[in-house]
Structures are given as C-alpha cells and as structure tokens.
Amino acid sequence: MVITPVHYIVAPLIAAFAIPLLTKIHKDAARIVPGIVLFYNVVISFFLMNHIAEHGMISETLAGWEAPWGINLVVTPFTGFLATMVSILGFIIWLYGYRFKRTLKGGEVKFYEILQMMMIAGSIGIIITGDIFNMFVFIEIVGISAFSLTAFYRSRDGAEAGFKYLLIGGFASAFLLLGILIIYTQTGTLNMAQIAERMPEVPQQMKIIALVFFLVALGIEAEMFPLNGWAPDAYSQAPSPTSATFAAVVSVAGVYALIRVVFTMFDVEGVNNYLMVMGFVTMLIAEIAAISQKNLKRMLAYSSIGQVGLILISFGIGSNLAVFGALFLMLNHSVIKSLLFMAGSYFIYNTDDKRITALNGIHKKLPIVSFFFALGSLAIIGFPPFSGFWSKFYILISAANEKYIFLIIGILLVTIIELTYYLRVVGRIYFAKEEEGEPASHRPSINALVAMSSLALFIIVIGVYPDLIMPHIQNAADALLDKTNYIQQILSVKN
Amino acid sequence: MEIIAIILLILLVGSILSFLINRVNKNFTGVTAFLVALASGVVFFTKVQSGYQFNFQLAGLDLQWGLTDYSYYFAYIIFGLSVLALLYSIKYMEGKARLGYYYASFLMTILGMLGVVVSQDFVSLFIFWEIMTWASFLLVIYNSYYKIKTKGIKYMIFSAIGAYAMLTAIVFIRVHYDTLLISEAIAKGAFNFEQYIYIPIFLLLGFGIKAAVMPFHVWAPSAYSKSPMPFTTIFSGAMSKMGIFGIGLVFTTFYLSNDPENFYWVRTILGWLGGITAVMGTIYALIQTDAKKLLAYSSVAQLGYIVVGLSTGTELGVMAALYLAVIHAVFKGALFMVAGAVEKQVGTTDMTKISGLIRKMPWTFFVALVSIIALAGVPPLGGFVGKWLLYEALITESNNYILVVVVFFSSTAAFMYSYRFLFGLFLGQEEKETEHIKEAPVTMIIPMVILAVIAMIAGSYPGLIFEPAAKAMEAIGFQNVSWQMSSLTNIWGDTTDLFLISMMIFAVFIIAFIFLTLKGLKKTRYVGTKDISTSGELPKEWENLTFQIDFFKPFERAAAPLYSMNMNKIWKNLGKNLEAFFGFFRKLYTGNGQTYALFVVIFLVVLLLFKDVIFS
Amino acid sequence: MMDFQTLFEQNIEIITIAVYGTAIALIVIGLYAVLMKKHLVKIVIGLSIMDAGIHLLFVAVGYISGGTAPIFSPGSENAATTMVDPVPQALVLTAIVIGFAVTALALSLVIRLYKHHHTANIDQLNSLKW
C-alpha cells in the first residue's frame, strides 16, 4: 500500500508546522498549502475506499506496536465513508473560504488556515482512530482549534462564545477522561476493539457508570440537549466557513464518537431508548428555539442541532435500516447545512448585519446565492425531489418498522416547525420589500460559486437518483452494526 | 424511454426553458409556456392510453407509473384547464414582473399534478404531491410581496400537515402490507377501517386538506384569492381535485365491497364535514365584497358538495361527485378568468367600487352569465345535472335527509352570491371611473368562451362527461355503471330530455332577446348614477349610491352568530399561543456559560442517579 | 528508625485512601469553583484543579503496591509483574499537556473578554442568548 491511513494525520501536521515558514517565502502559502493538504486527504480517502472495497478493512498500527498495545487506525466501510465525506466537505469549505480573508477582521490568515485545517484533520482522526485515548486527543485537537476559531474575530461576542465553548468543552474532556479511566481500570486496555471484547466481563454497575460519563462527554460534542448551550453561540460567532465546518465536519465527528462508543464498546441495553428520547428532546427544543431567532446564523445553528437530534433518534432506533437512514441524514445534513451557511454568510457579508430582517428582498442583489439558500432550505426540510427527502423517508420507514407511531408524528410535527421558519426566511429573501441600496458590494467569487454549486448539484442529483450513493451508505451501516467482525479483524490483523 | 417520463421531462425542461427565455425576451415567455403545455397535452392524449404502466426501481423501492381510467379522467381536467389558463396568462401577465418565475412555477405545478395522477405507487405520489405543493406555493406568494408572513405560509403549513399525514400513512402501509403500489395496497385491504385504522384516516386527512374540507379549509380562501388569477383557475379547478382524486382512491375498498354498511361512520362524518364546508363556504361567500374572495369561498363550498357525493358511496353519488369535479373546474375556471379579466382591465375586483361593466365588456359578461348559471345549478347548464344527481343520491340511496337539507340550503344560498357577483361587476349604473374601460384582449376571451361553451354543452349532453366518468368509476370498484347521453331518469322512471329542455330555454331566450332589443332600441334612455332625485333632493357628489355596499346587510345581521364562529381565528390563536409557548422553552438558553455548565453537571448527576432505571 | 519505604508500605491503605480522597476532593473543589464562582479567572482555575484531580486519579489507579518503575533493565527482565502500570502515566502526561493548552487559551480569552466588557463577572457575559 502506497498510501496508508496515517497520511490523514501526518500531512496536516507537517503542513501546520511548515506554513509559518512557507509564508516567509510566499505570502499566499498560508492559503494554498491547506488546500493541497485537504485535497490530498480526498485522494487518500478515495484510495483507501477503493482498497477496502477489494481487500477488506484496514487496521494500521503505528510505531510497530500491534493492535491491542499500540495505537491503531481503522478504516472500515463505515469510518471510510465518514472520512471520505469529511475530507471532501473539508476541501469544499476550503475552496469556498479561499478568498475569505477579506472578512477576517484583524485576524491573521495563516492562523485561521492552520486552525481550520487542524480542525478538519482532527475530525478525521476522531473517525479513523481505533484507540479510545487517541480519540480523546483528537477531540482535544478539534476542541482547541474550534475554541480559537470561535473567538477568531477579536470581537466582544466572539470572545464570549469562545469562552462558553471552552468552558463546556473543558467539562467534556474531564468527563471523557473519567470515563476512559473507569474503562481502563476494568478492562486494562485502551483499544476499542479489545474493550468491546472484554466488556461482557465488566461488572454491570461499573459499565453503566462509565457509559454515563461517556454519554455526557460525547453528548457535549454531539450537541445533545441539555449539553448544547455552547453550540448556538459558537456557530453564530465563528467565521462563516468555520460555522459550515462545525455543522458539516465537527458535529459529524461528535456524533461518530458517541455512536462508536455506544454501539461498539458497550453492550448496555436501554441506551437505544436513551438516544431516541434525548434525540427527540434535542430536536424539539432546538427547532422551537430556532423559530423565533432574529439572527440568521443562530437560526441555522439551532437547525443544525435539530438535525443532529434526528440523527440521534435514528441511531437510537438501532435497526439496520435506521442506521442507514441516520448515516444518509448525516451526509445530507453536512452537505445542505454547509450550503446554507455558505449562502447565508454572503448575505451577512453584504448587509453587515446578521439579523434576518436585513435580508429583505436581497435576492435582487445576490440572485445566485439566494437561489442556493432557497434550494438548501427546501432540501433540509425534506421536500422531494431533493436529497433531504430520502434520508427522512428511510428514517420514518425504520421507525414504522418498530411501530413507533408517535415518534413519527412527533418528527413530522417538528418538521412543520422547521418548515415555518425556513420559509419565513426564504419569503423574506424573495418577497419582502427590498431596501433601497446600491448593488451588492461583495459578489460571490468564482471559487465560492464553484463550492456552492457542487453542493447544490449533489443535493439535486442525489435527490433525483439516490441509488448513486445508497450502496456506500448501506455498506457503512452494515460495517457499523457488525461488531464481532470489527473486533476479530482488528485483533487478528498482523502487519 | 417511457412515454410518461418523456412527458414529465418536457414539462420540466419547458419550465427551465421558460425561465431562461424570460431573461432573453419577456414577450416569448408566455407563448413558450403555453406551447410546452399544449405539446405535452397533445403527446399525452395521443400516445398514452389508460391501462398503460411501467415499473422501475429507485432507491431500492419498487415503483410504478401508469394510468387507470380513474387517473385518466383527472388528467383531462389537468391538461384542459392548464392549457387554457396558460393561453389566458399570455396577455394577463403581460408587463408584470418576474414572468420567468411565474411560468416556471406554473409548469412545475402542472408537472406535479400530472405526476400525482400517473403515480401508481405511494412514494412517487408523495414526491409529486410535494412538488405540486411547493411549486404552487411559489405562485401563491407571487403577489403578496409584503405580506409574506401570513398568507403563503398558512397555505404551506396546512399543506405540510396534510402531506406529512400522508407520509405517515405511507410508511405504515409499507410496514404492515409490505407494498408501496396503490393497487396492491387496495387488494390487501390497506384502506379497511378495521385493522390499522390510522392508515386510511391519515390518508383522508392528507387529501382532505388539499380538498379544503372543514376544519382545514382556512388556507383556501386567502390562497385562492392571493394567487395570480390564471393560476387560481388551476388551483381551484384542478389542484383541489387532486384531494378529491385521493379521497376516491381511499374509498375504493369500500366501493369494491359494495356493502352500504361498510365504513358507515367514516363516510357519515366525512359527508357531514363536506356538508358543513358547503354551508360555511357559501355563507362566507355572501359577505365578501371582493369578487375574487367571493369566488374563493364559493370554491370551498363546491368542493364540499363533491366530498358529500364521494362519501355517499352510491353509484349516483360518486357519479355526481365526478361530474361536479369536471363541471366545477369548467365554470369556476371561467369565473376566475372573468374576475381576472376585470382585474386586468379595471385594476380592482372590489364590487363596491365597480359596476355596470356589461356594456364595456360584453364577452366577459356573457361568460360570467353562463358560468354563474352553471354554478347556481339552474337548468339547462352543466351545474344542474350534477346537483340533480347529488340530491337524488342523497334522497333515494343514502336516506340522509338532514344532510339533504343542509346541501339544499347551501345551494340555494349560493343564488345570493351568484347574483351579487353578476350584479356587482356587470349590472347596475356605470361609474364615471369605468368609462375608459375596454373589453379584455382576445387571447383572454377565447379560453373563457371555450369554458362557457363546454358548460353549455355539458348541460345538454352530460353524457359526454358521464362516459369517461363511468369508466373512471369502474376503475375504482363500481360495476356496470349506467349512464345516458342527454337525459336524466329518476327512480320512478320519469325521463327528462335535457337537450329538449335546453333548446326550449334557448329558444325562449332568443325570442326574449330579439323582442326586448327591438322594443328597447327606441325607448331606452341612459342616465348617470347621480341623475336621479330622492324626495326632491339631488344626491351629493360624494354620496355613494352603489347597491353593493351593505348588499346583504339584513342577512348578515341574521347570520351573525355563524360569522363569529371563525375557524380562521381559532387556527390563528392556536398558532400564536404555540409560538408564545415555544418562546418559553427558548429561555432555557440563558446565555450564561455557567448555567450551561450547571446543566451539564445536573444532567450527569441525574443520569447517575437514575442509571438503573434508564440502562439495564 | 524506620525508613520511608517501610513506613509507606505499612500505611499503604491510609495512603491509598488519602490519594484517592485528594483526587476526588480536587475534582469537587474544581467543580465548585467552576459552577459557583463568578470571576472568570477563578473559573479557569477551577477547571485546572478539576483536571489536576483527574490526573491524580489516573496515576493512583496505575499504581501497584510495592511496584517498581516500569523500566526493563538488565537483571530485572521478569519485573513485569511488579511494575506499576506505565500506560496511565503516559496518558496523564498527554492530558497535562492538553490541559495546559486549554488553560492558556482560556486565560487569553479572559483577557479579551475583560478588555471588551471591563468586567470579569460571568453573569454579565450573556449578550448571546435565547
């Protein structure tokens, strides 16, 4: 194998240290190098996906220590799918933000780019690592980059949001460490596969206490209510490409961590119901909070939390079809919410105002961006024939399979709330009386347009012909649920 | 490639094309859209026969498109009305803003409706249903630039409630009956009200909302009257019929069973809802001063009749419903076009402001007259036959006498608003402001006249509609439906020859016309509105003598209690209260980082305390 | 006079309790500071104390009574059974580094906040809410 999973981590790290030096040589290096790295990540992803399609999953051991002892990186169809998705979106977000430096009020481009790259690399690390402590380290890498990026505009509110995020993030890392500690004392290992193997021997009480710590810690990362107080602030204050990254990459990694721990490591009953109930509460409260938001990015943030709630519900249902639906929704959510944040940030950029009322009639100034925003809104609500519909449809079918009729009605009622506030915004963009003003001062640059169009194209193509992507998601769902195979493969792989 | 897919593709490409053409030249947009609709209609009727179907797989689901006689029947309504409405649009929309947007959404709506009727499985049905909904939503908000907050959103929220009710039913059909094909679901008894009763209930809810059945009708009047008029003809004429289409599908199981006791309660409730819708729609139509609003409420009422007809479940009743579905599309389409023509030429449809347009717009008046007679159900025009069948079905076959009285009351009261519409716009004194008014352009007149002529023919030869209707009924479970070309037979065996009656009435009309014209030519003297005196006093310049103000004041006073029971208000209050309630929960996000940290710790403690309850 | 080693081994239970107790006390004190104190710097200190408690817990868990340093050296090849567990120590080292970074970032944010708000009271930092 020419390319191994470790390239995912090594390339960004080398680049992160090299960028400050390279900027001395050429002033644009800070912007170009992360693009190369992120594009390389996409190449790695495709290469690895091809490889596992032929030879089965990869478990790469680091520094010559074999699986249970050393840290290993695992690429299964499941982690490979998520890593591919995250790296592609990371690259698209980089493309979108390539000329964004003009809006970085006072911040330095090179730090922005390094942090952004590390956040994406860390998220991929969370996804592909097979070691629970290593996952903690990656979560902290993502966390520190995310805290800094949230406070990147050296403004009053940015610092406030950053501090809140950091405070809650500090709790997350503390509880995660406690959880890891308990697990380590009980099983004597940090390798997730081996933990899973030894889990049946752990006393029930210990197991559940550890699980609670994990659920709270990773619940914070996965934006679960009531642990998500930081999220709306962080999303709304971060630079816009970062907000998109939060929604498309960081929350995916958070949900992944939660799901990996719950599904693979533990074998506790009742956790599915817990996920379902908390997912529903998260979704309900988030959408309720979103409906009366005055700030566009804050509204999108609450909407993201709502989507994550739905993803958790779907994982909670737990059947193969439900996991399939959840992964599909994860993909859709990442794509659509990035598009919405990208389009939304151009509105904000042009009006210098984050309030929704400032959007009145803005479609005249920014027709293409407005179209993308409207498309994204329709797609995220789940209107056919856009991609959002299929994920919602499969989630509903899987819920129906388990006869959860009230859950279905609940989800659909919450969707109506969602529809109301999205259409209010779209209505404002297109139909409110426009304020007099000169034409848009900041038209979208060509790279931003390419980024947004590729996402929009995905939404439409997958909406019309979902079969393009469905087999991959199905493989991913199978791989996630096939726990014994995962354990065996990792513990038996020799280099 | 399958022919249906090609037709849908034509409409899709046409939609995009008309959007693009508008960027190049605004004059060709309307013509393009009209030609696209015409072409797809021609291809459809020449190439597609009922019974055609094809299967394919999408997203791992077995789907099927095709046409039964039942869906073919509705395809007539869709294409007939759409083509005429698009022809009408060309001049109506001339000079208006965002033409590309308008025509693109219009064609998408047609695509959605056609998709609904060609879907033989629930997933495509739902997909097309939603396409139809959001495309029409775009048109509903076309005019209300500044009032977006309420009008369009209300329509969308109700549609979404309906659509999601359908979706719930669909996923459960898939789970319980392991099929998504409509025909298989019917064969397996998915719409029985015995097992899994929520499936048909949710489906009826979904379709009922589109058909504007009480208490979910509140979106309809505002949505109908706010949309651009050519689209309203489609909206009220064809799209609301999609709801009827669905209700018919759900009742297929019952029609097949041929057992009058089946579904008794469901049908009774739905029948009564339809009856109440008819009455309420009529009563609200009476007090409207805006012609568009009047027609909108009248549409709600007419849809009520159709629902009553469907829920009787007898051969006559369903025949009446299907007949009314077409004839309503015809005359209500014509009437909305009349209102549109008046709006285009005069600039308003407020009946208190305009009157006496008869001499300015004679053709429009002619169409209005014919259609309003059809609406009121007076022989010899189309509406009469439908109402006759409906009464007969209610009286002779379902023994539901109170409902008969309700329906009868509502259709009698309909005379009042019919009269008001005709009188308000066309009769009465000519106003000074309307002196310069001219007849509408010819491309607007043609579709109106075509519809009026259809209404007349349908009155004399109802068999032309009965024939496809009978076929359609056979497709949803009836056997050997009998019909006659131009006569009605009651249960005592008396036969009425409709053609003869029509001819007699027309003869009387023509004689009267000739007579009055000859007589009138010499003696008529035209006077101005203010050219009169009351008790020796001349009216002042500012006095408004138009009859239209306080037209039905006594009636309004008498029916005041009815008007106070306003569904609209109830829904609005519900919405407001819900939002206030939501606002309360929002306060959980206090903005204080420490509180959030406290949440985290409390949550952890609670989980630890109840860990044995939650996890086992 | 007993040497330290024997003293330690005789009182191992008390010491164990003391170490664990200290760790838990640190965590609780840290939590108290984060949740109850209003001053931003105190909250950051609270976070650090909480982390310190957890780190102590880690080290304590890895300890084996009478264990030796986890180093293989000539002459003690079979010492694996008597070694203290090296893994928690490695983890703690990593966690301390991370904690250091987080604390530094937190303090810089506190300075930024103080510059903007002219107060370090967390109750007054709620311009982003609902």
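Q: Mind laying out the overall build of chain C, listing which residues take part and the relevant values?
A: The number of helices and strands found in chain C is four helices and zero strands. Going from N to C terminus, chain C has its helices and strands arranged as α-α-α-α. Looking at the 130 residues of chain C, the share that counts as buried comes to 25%. Long-range pairs, those at least 24 residues apart, make up 54% of the contacts in chain C between residues at least 6 apart in sequence.

Q: Which residues make up the overall build of chain B, and what values do they have?
A: The secondary structure content of chain B amounts to 24 helices and four strands. Computed over its C-alpha atoms, the radius of gyration of chain B comes to 26 Å, within 12% of the 25 Å expected for a compact globule of 616 residues. The principal-axis extent of the C-alpha atoms belonging to chain B is close to 100 × 65 × 55 Å. Every one of the 616 residues in chain B was classed for burial, and the buried ones make up 53%. Across chain B, every contact between residues at least 6 apart in sequence was considered, and the portion connecting residues at least 24 apart equals 79%.

Q: Give me the lowdown on the nonpolar core, citing residues and values where you can.
A: Among the nonpolar cores identified, the biggest contains 460 residues, and Val216 of chain A together with Ile78, Leu107, Tyr323, Ala334 and Ala455 of chain B are the most heavily contacted of them. Looking at which element gives the most residues to this core, the answer is helix H13 (residues 315-346) of chain B, with 23 residues. Leaving out residues up to four positions away in the same chain, Tyr323 of chain B has contacts with Val385, Gly386, Leu389, Pro462, Ile465, Phe466 and Ala469 of chain B.

Q: A description of the packing of helix H4 (residues 109-128) of chain A against helix H10 (residues 240-265) of chain A should follow, citing residues and the corresponding values.
A: Residues and elements named next belong to chain A. Where H4 contacts H10, the two axes come as close as 9 Å, and the packing angle between them is 20 degrees. The pairing of H4 with H10 is recorded here as roughly parallel in orientation. With respect to the hand of their crossing, H4 and H10 are arranged in left-handed fashion. Along the contact surface, H4 presents Gln116, Met119, Ile120, Ser123, Ile126 and Ile127, while H10 presents Pro241, Thr242, Thr245, Val249, Val250, Ala253, Tyr256 and Ala257. Grouping the constituent residues of the contact of H4 with H10 by class yields 10 nonpolar, four polar and no charged.

Q: Talk me through the interface of chain B and chain A; I want residue IDs and the actual numbers.
A: Each partner contributes residues to the interface: chain B has 46 residues there, and chain A has 54 residues. Residue contributions to the side of chain B that touches chain A peak at 13 residues, all from helix H6 (residues 151-177) of chain B. Among the residues forming the side of chain B that touches chain A, the class breakdown is 34 nonpolar, six polar and six charged.

Q: Describe the environment of Asp467 of chain A, listing the residues and the values that go with them.
A: Along the chain, Asp467 of chain A falls in the loop between helix H17 (446-464) and helix H18 (470-481). Under the C-beta neighbour-count criterion, Asp467 of chain A is labelled exposed, with 11 such atoms within 10 Å. Apart from the residues lying within four places of it in its own chain, the contact partners of Asp467 of chain A are Leu58 and Ala59 of chain B.

Q: Report on the interface of chain A and chain C, specifying residues and quantitative values.
A: Residue-level contacts link 26 residues of chain A with 25 residues of chain C. Those elements that provide at least two residues to the side of chain A that touches chain C are helix H5 (132-150), helix H6 (156-187) and helix H9 (230-237) of chain A. The element that contributes the greatest number of residues to the side of chain A that touches chain C is H6 of chain A, accounting for 16 residues. Looking at the side of chain A that touches chain C residue by residue, the class counts come to 15 nonpolar, five polar and six charged.

Q: I'd love a proper account of the environment of Ile395 of chain B, names of residues and values included.
A: All names here are of chain B. Relative to the helices and strands, Ile395 resides in helix H15 (residues 382-397). Take Ile395: there are 17 C-beta atoms within 10 Å of it, and that puts it in the partly exposed class. Each C-alpha atom of the pair Ile395 and Ala339 lies 35 Å from the other, and the pair is 56 residues apart in sequence.

Q: Could you give an account of the domain arrangement of chain B, with specific residues and numbers?
A: Frequently, the measure chosen for interface size is the accessible area removed from exposure when the parts meet. Partitioning chain B into domains gives domain 1 (1-196 + 204-250), domain 2 (263-481) and domain 3 (587-616). Summarising the inter-unit geometry, the C-alpha centres of domain 1 of chain B and domain 3 of chain B are found 48 Å apart.

Q: Tell me about the packing of helix H4 (residues 99-118) of chain B against helix H5 (residues 122-140) of chain B, residues and numbers included.
A: Residue and element names in this part refer to chain B. One way to put it is that H4 packs onto H5 with a least axis distance of 8 Å and a crossing angle of 155 degrees. Judged by the inter-axis angle, H4 sits roughly antiparallel to H5. Judged by the twist between their axes, the crossing of H4 over H5 is left-handed. Between H4, through Tyr102, Ser105, Phe106, Met108, Thr109, Leu111, Gly112, Met113, Gly115 and Val116, and H5, the contact on the second element is made entirely by Ser124, Leu125, Phe128, Trp129, Ile131, Met132, Ala135, Ser136, Leu138 and Leu139.

Q: Tell me about the environment of Leu109 of chain C, residues and numbers included.
A: All names here are of chain C. Within the secondary structure layout, Leu109 lies in helix H4 (residues 86-117). The class of Leu109 is buried, set by 26 C-beta atoms lying within 10 Å. Sequence spacing of Leu109 and Val19 is 90 residues, and the spatial spacing of their C-alpha atoms is 33 Å.

Q: So what's going on with unusual backbone geometry? Residues and values would help.
A: Note the cis peptide between Phe225 of chain A and Pro226 of chain A, where omega equals 0 degrees. With an omega of 0 degrees, the peptide bond running from Pro384 of chain A to Pro385 of chain A counts as cis. Phi is positive for Lys403 of chain A, close to 65 degrees, though the residue is something other than glycine. Along the chain, Lys403 of chain A falls in the loop between helix H15 (387-401) and helix H16 (405-431). If you check the backbone angles, His118 of chain C has positive phi at about 55 degrees while not being a glycine. Summarising the element assignment, His118 of chain C is placed in the segment after H4. Residue classification places His118 of chain C among the exposed positions, given that 8 C-beta atoms sit within 10 Å.

Q: So what's going on with the confidence of the model for chain C? Which residues, and what values?
A: Per-residue confidence for chain C gives a mean pLDDT of 82; residues scoring 70 or more make up 85%. Predicted complex, confidence summary: ipTM 0.89, pTM 0.89.

Q: Outline helix H12 (residues 296-317) of chain A, listing residues and values.
A: In this model, H12 of chain A (22 residues) spans 32 Å end to end at C-alpha, consistent with the 32 Å of a helix rising 1.5 Å per residue. Positive backbone phi, at 85 degrees, marks Gly318 of chain A, one or two positions downstream of H12 of chain A.

Q: Talk me through H6 of chain A; I want residue IDs and the actual numbers.
A: Residues and elements named next belong to chain A. Between its first and last C-alpha, H6 extends 46 Å over 32 residues, near the 46 Å set by a 1.5 Å rise per residue. Here H6 lies mainly inside the structure; 28 of its 32 residues are buried. Of the residues flanking the end of H6, it is Gly188, one or two places downstream, whose phi is positive at about 70 degrees.

Q: Tell me about the pairing of strand S2 (residues 61-66) of chain B, and name the residues and values.
A: All names here are of chain B. In terms of strand pairing, strand S1 (residues 53-58) meets S2 through six bridges, oriented antiparallel. Pairing of Gln53 across the sheet is with Gly66, part of S2. Connecting S1 to the next strand, S2, in antiparallel fashion are two residues, including Ala59 with a positive phi near 55 degrees.

Conventions used here
Residues numbered from 1 in each chain as written. Chains lettered and ligands numbered in written order. Predicted model: local features only at pLDDT ≥ 70, side-chain atom pairs only at ≥ 80, totals over all residues. Helix = DSSP H or I, 4+ residues; strand = E, 2+ residues; numbered from the N terminus. Buried ≥ 20, exposed ≤ 12 C-beta atoms within 10 Å, placed from the backbone. Contact = placed C-beta atoms within 7 Å. Rg over C-alpha atoms; globule rule 2.2 N^0.38 Å. Core = buried A, V, L, I, M, F, W, Y, C linked by C-beta atoms within 7 Å. Axes fitted to C-alpha atoms, helices over the stretch in contact; angles between N-to-C directions. Parallel < 35°, antiparallel > 145°, perpendicular 65-115°, else oblique. Left-handed = near helix turned anticlockwise from the far one by under 90°. Nonpolar A, V, L, I, M, F, W, Y, C, P; charged D, E, K, R; others polar. Domains from an automatic or database assignment. pLDDT = per-residue confidence, 0-100. Expected span 1.5 Å × (residues − 1). Pairing = 2+ DSSP bridges.

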